[in-house]
Amino acid sequence: MTSNNHYDVIIIGTGAGGGTLAYKLAPSGKKILLLERGDYVPREKDNWSTRAVNLEGKYNTKEAWRDADGKELHPHTNYYVGGNTKFYGAALFRLRKEDFGEIRHHGGLSPAWPISYDELEPYYTEAEHLYDVHGNRGEDPTEPWASAPYKYPAVSHEQRIQHLHDDLERAGLKPFHVPLGIRINEHNARKSLCIRCNTCDGHPCLIGAKSDAQTICVDPALEHENVSLVTNAKVIRLETNGNAREVSKVIVERKGAREEYSGDIVVVSCGAVNSAALLLRSANDSHPNGLANGSGVVGRHYMGHINSVLMALSKCPNPTIFQKTLAINDFYFGSKEWDFPMGHISFVGKLDADTLKAGAPAIAPGWSLDLMAKHSLDFWLTSEDLPDPENRVTVDRDGQIRVSYKLNNVEGHDRLKAQLQKALKQTNCDVHGHECHQGLFARNLYLGRRLPLAAVAHQNGTVRFGDDPKTSALDRNCKAHEVDNLYLVDASFFPSSGAVNPALTIMANALRVGDHLLERMR
Ligand SMILES: Cc1cc2nc3c(=O)[nH]c(=O)nc-3n(C[C@H](O)[C@H](O)[C@H](O)COP(=O)(O)OP(=O)(O)OC[C@H]3O[C@@H](n4cnc5c(N)ncnc54)[C@H](O)[C@@H]3O)c2cc1C
Ligand code: SF4
């Protein structure tokens, strides 16, 4: 190893966590290295092809993992500069203030975080401003307090969604505009980076208008000469020094060869599954159960949210182009009849016939796939799954990742679907009246079917932070309790996951940890 391979900070993974941290640390002048197993997403027309993206899975990793029974699964995850934010829907929500405390669910307890909402709040504001989030404060009935307004107004509803909004309001609900990280200027189309297209959620943005971690953080960080990036660099192992309290070597596999790097500080941010796997693969005599895993929690408490995609078919068509603008949180903490949390209702990007073909061989009676796609409102329902130590990531002898997961806390999710069904029955149109709504169909047409285990988009919780080293692997600054120079800033630190999309919380936390690191390095 030459001294050229030594850095002040090494960050492994360039997604929501790693990319944001790099941005925060870049102006410090410290010598920073980003190691990313993927390459840049190629810029090509297929970026916006639903067939290439959804049907052929062109950009998904081809890696196979195993489930608890040893059956292979193909995770819907993406290894690129910017991580999964290159493909995300850019719905950038804060967790609710209450999510940081203990919450009783029908299925058990959602544990408290070691930090409060108030501690993370300044960083939520910083992350919203950094990622150019467009939103309106004061509309979401469960939103926590905020120290500043959004920088930009919310993205407007198209006509069909505005109609739905008005119907839902008449039914007594409080639908609101989704906070979105897309760089749109609705007042001056010629100055707008974003063209409001129908291939945002799940697709990379061909014109760089989505606020993803590469565009917003990694690219600007690399403008600092003290920051460098090595792509196609898969970290396979971390080694510790003599007293086992420091990571001394970062071992990389790159283009079939082995490389070694070292850093005063090493930050792992590979996504919740891969980060846990990396620590487990880094077991040694002093850390026999995996690096920093004296507590035994590394890999455990895997969460991924309980998610369903539900198509509400109506007689009226839905010509919406950008659909992901409306959400409902009225049932987030429960309802008058049900005293437990149910979750969050929002939208996926508009489904088309090609997307429906992926996982939807059957069609609703009397409808073609094309007709269904033209008439559906495509909802995305999220409920909280609870951290069960037996839901865990392990690494098999042959090095393959295994995710063992048993769904829990489903009653609230089923009730959330029933609430949506009830609300939609009350909707109305000038032509068909209350007969317009034709029913709710799961994307693969089995009502009630949830997304399979391969849907790991919201993976989190596998290397939880906490004040007690017996029950957590990381301290409140996301530093490993047992290793003095090791940090984690991806979604693995979550002790519980709430029921809103996770990315903004990961970004805000990375900014928070960034402040801690700047202080430490000073
Ligand atoms: C289709 C889709 C839509 C989504 N929509 C939303 C949304 O609207 N709102 C929201 O909040 N969230 C959304 N998400 C989830 C969001 O993208 C993730 O929560 C977020 O990106 C996770 O951040 P992370 O830093 O934990 O991991 P990632 O962003 O996944 O980053 C991990 C990085 O580590 C790299 N890596 C992995 N292993 C190694 C290794 N061994 N060596 C080197 N590098 C490695 C990966 O290539 C990747 O770049 C969506 C996700 C998907 C897939
Ligand atoms: S142009 Fe706008 S709507 Fe289309 S992918 Fe890019 S950010 Fe998303």
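About the criteria used
Residues numbered from 1 in each chain as written. Chains lettered and ligands numbered in written order. Predicted model: local features only at pLDDT ≥ 70, side-chain atom pairs only at ≥ 80, totals over all residues. Heavy atoms only, no water. Helix = DSSP H or I, 4+ residues; strand = E, 2+ residues; numbered from the N terminus. Contact = heavy atoms within 4.5 Å. Near = heavy atom within 4 Å. Polar contact = N/O pair within 3.5 Å; in protein donor to acceptor, adjacent residues only side chain to side chain. Areas by Shrake-Rupley, 256 points an atom, 1.4 Å probe, with all protein chains shown as cover. Nonpolar A, V, L, I, M, F, W, Y, C, P; charged D, E, K, R; others polar. Pairing = 2+ DSSP bridges. Axes fitted to C-alpha atoms, helices over the stretch in contact; angles between N-to-C directions. Core = buried A, V, L, I, M, F, W, Y, C linked by side-chain atoms within 4.5 Å. Buried < 20%, exposed > 50% of the residue type's maximum accessible area, 1.4 Å probe, protein only. Salt bridge = Lys/Arg side-chain N within 4 Å of Asp/Glu carboxyl O.

Further remarks concern the side chain of Asp-167. Among the secondary structure elements, Asp-167 is positioned in helix H4 (residues 159-170). Not counting residues within four places of it along the chain, the set of residues in contact with Asp-167 comprises Thr-427 and Asn-428.

This next bit is on the site of ligand 1. Around ligand 1 lies a shell of 37 residues, among which Glu-36, Asn-84, Gly-89, Ala-91 and Ala-503 are the nearest. Gly-17 has a polar backbone atom sitting 2.9 Å from an oxygen atom of ligand 1. Between ligand 1 and the protein, one listed contact pairs a nitrogen atom with a backbone N or O atom of Ala-91 at 2.8 Å. Contact with the protein chains covers 94% of the free accessible surface of ligand 1, which is 990 Å². Every element with two or more residues in the shell around ligand 1 is listed here: helix H1 (16-25), strand E9 (233-240) and helix H10 (503-521). No other element matches E9, which puts three residues into the shell around ligand 1. The residue makeup of the shell around ligand 1, split by class, is 17 nonpolar, 14 polar and six charged.

So, on to the sheet that holds strand E16 (residues 392-395). Here four strands make up an open sheet; going across it, the order is E4-E3-E17-E16 and the pairing mixed. Looking along the sheet, the strands with just one partner apiece sit at the ends: strand E4 (72-73) and E16. Bridge analysis of strand E3 (residues 65-67) against E4 gives two bridges, and the strand direction is antiparallel. Among the inter-strand pairings, Trp-65 is bridged to a residue of E4, identified as Leu-73. The sheet contacts of helix H6 (residues 272-281) involve E3, E16 and strand E17 (401-404), and relative to E16 the element is tilted by about 45°.

The subject of this paragraph is the environment of Asp-398. Positionally, Asp-398 belongs in the loop between E16 and E17. Within the structure, Asp-398 has its side chain in polar contact with the backbone nitrogen of Gln-400 (distance 3.0 Å).

The next subject is the nonpolar core. Ile-12, Leu-35, Tyr-131, Leu-238, Val-250 and Leu-486 are the most contacted members of the largest nonpolar core, which has 111 residues in total. Counting residues in hydrophobic clusters, the runner-up holds 22 residues, among them Ala-312, Ile-328, Leu-381 and Ala-423.

Turning to the site of ligand 2, a few remarks are in order. By nearness alone, 13 residues border ligand 2, and Cys-194, Ile-195, Cys-197, Cys-200 and Cys-205 come closest of all. Looking at the shell around ligand 2 residue by residue, the classes come out as 10 nonpolar, one polar and two charged.

Looking now at the pattern of salt bridges. Applying the stated criterion across every chain yields a total of 34 salt bridges. Residue Lys-86 is joined to Asp-212 by a salt bridge in which the shortest nitrogen-to-oxygen separation is 2.9 Å. On the criterion of sequence distance, the pair formed by Lys-86 in the loop between E4 and strand E5 (103-105) and Asp-212 in the loop between strand E7 (176-177) and helix H5 (213-222) is long-range, its members being 126 residues apart. Each member of the pair Lys-86 and Asp-212 is classed as buried. Arg-476 is the salt-bridge partner of Asp-467, the closest N and O atoms lying 3.4 Å from each other. Taken together, the shared-partner salt bridges connect Arg-66, Asp-396, Asp-398 and Arg-402 into one network.

Within a regular beta strand, the side chains point alternately toward one face of the sheet and then the other, so they alternate between its two faces. Where E9 and strand E10 (residues 247-254) come together, seven bridges link them in antiparallel fashion. Paired with Ala-233 across the two strands is Arg-254, which belongs to E10. Connecting the antiparallel pair E9 and E10 is a turn made up of six residues, with Ala-244 showing a positive phi of about 70°. With five bridges joining them, E10 and strand E11 (residues 257-268) adopt antiparallel strand pairing. Opposite Arg-254, over in E11, you have Ala-257 as the bridge partner. The antiparallel hairpin formed by E10 and E11 contains two residues in its connecting segment, where Lys-255 sits at a positive phi of about 50°.

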